[in-house]
Amino acid sequence: DTEESSNDDALQALLPDKMKDQMMQQNAVLQQSYIQAARFAKVPPQARVASKMLTRSEHLEDMIAKREHDTDHFCGFITQEEVQCNLREYVQQLKTKSKQK
């Protein structure tokens, strides 16, 4: 029992050090976050918008080009009898839940 209690005492003695280390790590992360946020805030809003548009423009153009195909595919899928049956069941369940309230 004395060996077990000395192990517990040793763990208890280390606990504050571990907590201190963890708090120091959290503070370091927070400090780095503030530094990055300050750097980001220095970038003019117009530049941020322009960079977003540059990185997104290829994807947006692709989506616009494929819009009609995607719409046709979705409409073909949603009008399948099996899908319509599932949707009717789902709507019926919603109505039942609504009436129970």
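Since the structure is predicted, the reported quantities are computational estimates derived from the model, not experimental observations.

## Section: the overall build of the chain
Each helix and strand in the chain was counted, giving four helices and zero strands. Starting at the N terminus, the α and β elements of the chain follow one another as α-α-α-α. The buried share of the chain, reckoned over its 101 residues, is 1%. Surface accessibility of the chain: about 9800 Å² in total, with carbon and sulfur atoms responsible for 58%.

## Some details on the pattern of salt bridges
Throughout the structure, instances matching the rule amount to two salt bridges. The closest approach of N and O atoms between Lys-66 and Asp-62, which form a salt bridge, is 3.5 Å. For Lys-66, a relative accessible area of 42% translates into the label partly exposed. Judged by relative accessible area, Asp-62 falls into the partly exposed class, the value being 37%. Its salt-bridge partner being Glu-81, residue Arg-88 comes within 2.7 Å of it at the nearest N-O pair.

## Considerations on the confidence of the model for the chain
Averaged over every residue, the pLDDT of the chain is 88; residues scoring 70 or more account for 88%. Per-element mean pLDDT across the chain ranges from 80 in helix H1 (residues 2-42) up to 97 in helix H3 (residues 67-78).

## Things to note about helix H2 (residues 45-65)
Over its 21 residues, H2 extends 29 Å from the first C-alpha to the last, a length consistent with the 30 Å expected when each residue adds 1.5 Å. Taking the largest bend as the criterion, H2 deviates by roughly 50°, centred on Arg-56.

## Things to note about a nonpolar patch on the surface
Together, Val-49, Met-53, Leu-60, Met-63 and Ile-64 make up a nonpolar patch on the protein surface, roughly 500 Å² of accessible area in all. Positionally, Ile-64 belongs in helix H2. Given a relative accessible area of 56%, Ile-64 falls into the exposed group.

Rules behind the numbers
Residues numbered from 1 in each chain as written. Predicted model: local features only at pLDDT ≥ 70, side-chain atom pairs only at ≥ 80, totals over all residues. Heavy atoms only, no water. Helix = DSSP H or I, 4+ residues; strand = E, 2+ residues; numbered from the N terminus. Buried < 20%, exposed > 50% of the residue type's maximum accessible area, 1.4 Å probe, protein only. Areas by Shrake-Rupley, 256 points an atom, 1.4 Å probe, with all protein chains shown as cover. Salt bridge = Lys/Arg side-chain N within 4 Å of Asp/Glu carboxyl O. pLDDT = per-residue confidence, 0-100. Expected span 1.5 Å × (residues − 1). Bend = angle between axes of the 7 residues up to and from the residue. Patch = residues over 30% accessible without salt bridge, like charges linked within 9 Å, V, L, I, M, F, W, Y side chains within 5 Å.

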